[in-house]
Amino acid sequence: MTVQELPGAAPYRPTPPPAWKPRTDPAPLLPDSEPYRVLGTDAAAGFAPALLRRLYTELVRGRRYNAQATALTKQGRLAVYPSTTGQEACEVAAALVLEEQDWLFPSYRDTLAAVARGLDPVQALTLLRGDWHTGYDPREHRIAPLSTPLATQLPHAVGLAHAARLKGDDVVALAMVGDGGTSEGDFHEALNFAAVWQAPVVFFVQNNGFAISVPLAKQTAAPSLAHKAVGYGMPGRLVDGNDAAAVHQVLSEAVARARRGGGPTLVEAITYRIDAHTNADDATRYRGESEVEAWRDHDPIQLLERELRERGILDEDAVRQAAEGAEEMAARLRERMNAEAVLDPMDLFAHVYAEQTSQLREQAAQLRAELAAEAEGEAR
């Protein structure tokens, strides 16, 4: 007879060993039930007027940048452009919360974030023009290459942040991704590694409602994308992505937490893509104009301008200066993009391998001979 079979003994209920228990209390990791907001609340009074004015100026500039880049696609100067019109608050805030030594890991839609961080607008558009895979030096600008594969930048951000931490460098990586990217395996792998390693990285999801034409409801049944953070052991934050002050505050807190060794954070910004997915997309096939108009009433520039005017931080002169500065930027961009790029076909072989393979050397020699023959023919 065993102990469990003795009269009066408690029934035997096998339990797992202690290792199964959660490493952290899940309650503090859960996001709020509603997106965090600042504009139109008492919290707005705590923001420095200079920061709010800068946010406004960058939003106006960003809106004009989006419009000009979209126009360049219609003129044949850009092959494709994924606009962030309506999402400018997310783009600008992501750039402004980082220190110089920090790294930004953008998705293909985040050229505005790169420009707001200080990258030359023409260099930011070089990939979309089809001239180079990357039009800038990532190390110089602390901006990872823009690329179209979804979510592949997220594991790269974790690797860089983890390496920086091991070296003792004061570096935080901010990785941007759309709601569609959260359905990729790279998203889950990146979050898991980041949480286990406590890497100084912030994952910033711009939930603009659609992964091209697929609505969020057909991608996930989670209460929010921010809730996914809990499963990996990191905090999830939910923020109104059209409230520039709120996005700036939430991202600033997440970056500060990462910098002091607190580990990663997943921030989901609820926003909306006003324009089509790209200039090659017909958005009317999967969403109605009434939906778009409803989001126009929640425009990030209008929200911030209304707040600043009511508080006496913004006057007509400041509005005019912001608009004029944006027009000057657009004019310079237009002029430079209208100039024909001078490209060297031999650059095809310049950055493939550190040491060229025999096949590449053979191909380069063949192309060099063809170019020489072509030039000789033109000279006759």
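Thresholds, definitions, all that
- Residues numbered from 1 in each chain as written.
- Predicted model: local features only at pLDDT ≥ 70, side-chain atom pairs only at ≥ 80, totals over all residues.
- Heavy atoms only, no water.
- Helix = DSSP H or I, 4+ residues; strand = E, 2+ residues; numbered from the N terminus.
- Contact = heavy atoms within 4.5 Å.
- Areas by Shrake-Rupley, 256 points an atom, 1.4 Å probe, with all protein chains shown as cover.
- Lys, Arg positive; Asp, Glu negative; His and termini not counted.
- Charge placed at Lys NZ, Arg CZ, Asp CG, Glu CD.
- Pairing = 2+ DSSP bridges.
- Axes fitted to C-alpha atoms, helices over the stretch in contact; angles between N-to-C directions.
- Salt bridge = Lys/Arg side-chain N within 4 Å of Asp/Glu carboxyl O.
- Phe/Tyr/Trp six-rings, centres within 6.5 Å; stacked < 30°, edge-to-face > 60°.
- Buried < 20%, exposed > 50% of the residue type's maximum accessible area, 1.4 Å probe, protein only.
- Core = buried A, V, L, I, M, F, W, Y, C linked by side-chain atoms within 4.5 Å.
- Expected span 1.5 Å × (residues − 1).
- Right-handed = clockwise from strand over helix to strand, strands pointing away.
- Left-handed = near helix turned anticlockwise from the far one by under 90°.
- Nonpolar A, V, L, I, M, F, W, Y, C, P; charged D, E, K, R; others polar.
- Parallel < 35°, antiparallel > 145°, perpendicular 65-115°, else oblique.

Engineer: Please provide a residue-by-residue account of the overall build of the protein chain, values included.
Structural biologist: Helices and strands together make up the secondary structure of the protein chain, namely 13 helices and seven strands. If one aligns the C-alpha atoms of the protein chain with their principal axes, the spans along those axes are about 110 × 65 × 45 Å. Restricting to contacts in the protein chain with at least 6 residues of sequence separation, those with at least 24 account for 76%. Of the roughly 19,300 Å² of accessible surface on the protein chain, a fraction of 52% belongs to carbon and sulfur atoms. On the protein chain, the mean spot of the 38 positive side-chain charges and the mean spot of the 53 negative ones are 3 Å from each other.

Engineer: Account for the sheet that holds strand 2 (residues 173–178), with residues named and values stated.
Structural biologist: The five strands lie next to each other as 1-2-3-7-6, forming an open sheet whose pairing is parallel. Only two strands of the sheet have a single neighbouring strand rather than two, namely strand 1 (103–105) and strand 6 (236–240). For this sheet, the mean inter-axis angle between neighbouring strands, taken without regard to orientation, is 20 degrees. Of the strand pairs in this sheet, strand 3 (residues 201–207) and strand 7 (residues 265–270) are connected by six bridges, and their pairing is parallel. Among the inter-strand pairings, Phe204 is bridged to a residue of strand 7, identified as Val267.

Engineer: Tell me what's going on with the pattern of salt bridges, and back it up with residues and numbers.
Structural biologist: Per the stated rule, a full pass over the model turns up 17 salt bridges. Measuring nitrogen to oxygen at the nearest pair gives 2.6 Å for the salt bridge that ties Asp102 to Arg259. On the criterion of sequence distance, the pair formed by Asp102 in the loop between helix 2 (88–96) and strand 1 and Arg259 in helix 9 (residues 244–259) is long-range, its members being 157 residues apart. We note a salt bridge from Asp170 to Arg259, for which the minimum N-O separation is 3.1 Å. Placement of the pair is Asp170 in the loop between helix 7 (153–167) and strand 2 and Arg259 in helix 9, with a sequence separation of 89 residues.

Engineer: Give me the lowdown on the packing of aromatic side chains, citing residues and values where you can.
Structural biologist: Across all of its chains, the model carries five aromatic pairs by this definition. Residues Tyr65 and Tyr81 carry aromatic rings whose centres are separated by 6.2 Å and whose planes lie at 80 degrees to one another, so their mutual orientation is edge-to-face. Residue Tyr65 is located in helix 1 (residues 49–74), and its partner Tyr81 is located in the loop between helix 1 and helix 2; the two are separated by 16 residues in the primary sequence. Residue class for Tyr65 comes out buried when judged on its relative accessible area of 1%.

Engineer: Account for the nonpolar core, with residues named and values stated.
Structural biologist: As a rule of thumb, nonpolar side chains are buried together in soluble globular proteins. Counting residues in hydrophobic clusters, the biggest one holds 64 residues, and the most contacted among them are Tyr56, Tyr65, Leu174, Phe204, Leu251 and Leu304. The dominant element in this core, judged by the number of residues it contributes, is helix 9, at nine residues. Each residue touching Leu174, except ones within four places of it in the same chain, is listed here: Ala94, Val97, Leu98, Trp103, Leu104, Phe105, Val202, Phe204, Leu251 and Val255. Of all hydrophobic cores here, the second largest spans 26 residues; its members include Ala161, Ala164, Ala194 and Phe203.

Engineer: Could you give an account of helix 12 (residues 316–338), naming the residues involved and the relevant values?
Structural biologist: End to end, helix 12 covers 33 Å across 23 residues, agreeing with the expected 33 Å (1.5 Å per residue, within 8%). When helix 12 is considered as a whole, its buried residues turn out to be Val319, Ala322, Ala326, Met329, Ala330, Leu333 and Met337. If you follow the buried residues of helix 12, they end up packed against helix 1, helix 4 (121–124), helix 5 (126–129) and helix 11 (300–310).

Engineer: Give a description of unusual backbone geometry that names residues and reports values.
Structural biologist: Non-glycine residue Ala151 carries a positive phi angle of around 70 degrees. By the secondary structure assignment, Ala151 is in the loop between helix 6 (138–141) and helix 7. Take Ala151: its relative accessible area is 1%, and that puts it in the buried class.

Engineer: How would you explain the pairing of strand 7 if you had to name every residue and give the values?
Structural biologist: Two faces make up the sheet, and in a regular strand the side chains alternate between them. For strand 7, a buried count of five out of six residues is recorded, marking the element as mostly surrounded by other parts of the structure. Where strand 6 lies against strand 7, five bridges are found, and the strand directions are parallel. Considered in strand 7, the bridge of Gly236 is made with Leu266. With helix 9 bridging strand 6 and the parallel strand 7, this β-α-β connection has right-handed handedness.

Engineer: Break down the packing of helix 2 against helix 9 for me, with residues and values.
Structural biologist: With their axes 9 Å apart at the nearest point, helix 2 and helix 9 run at an angle of 35 degrees to one another. Here helix 2 and helix 9 pass one another in a crossing that is right-handed. Within the contact between the two elements, helix 2 uses Ala89, Cys90, Ala93, Ala94 and Leu96 and helix 9 uses Ala244, Val247, His248 and Leu251. Tallied by class, residues from the contact of helix 2 with helix 9 come to eight nonpolar, one polar and no charged.

Engineer: Break down the packing of helix 1 against helix 11 for me, with residues and values.
Structural biologist: Geometrically, a packed helix pair is captured by the angle between its two axes and the distance between the axes. With their axes 10 Å apart at the nearest point, helix 1 and helix 11 run at an angle of 150 degrees to one another. Judged on the interaxial angle alone, helix 11 and helix 1 are roughly antiparallel. Here the hand of the crossing between helix 1 and helix 11 comes out left-handed. In this structure, helix 1 contributes Leu52, Arg53, Leu55, Tyr56, Leu59, Val60 and Arg63 to the contact, and helix 11 contributes Pro300, Ile301, Leu304, Glu305 and Leu308.

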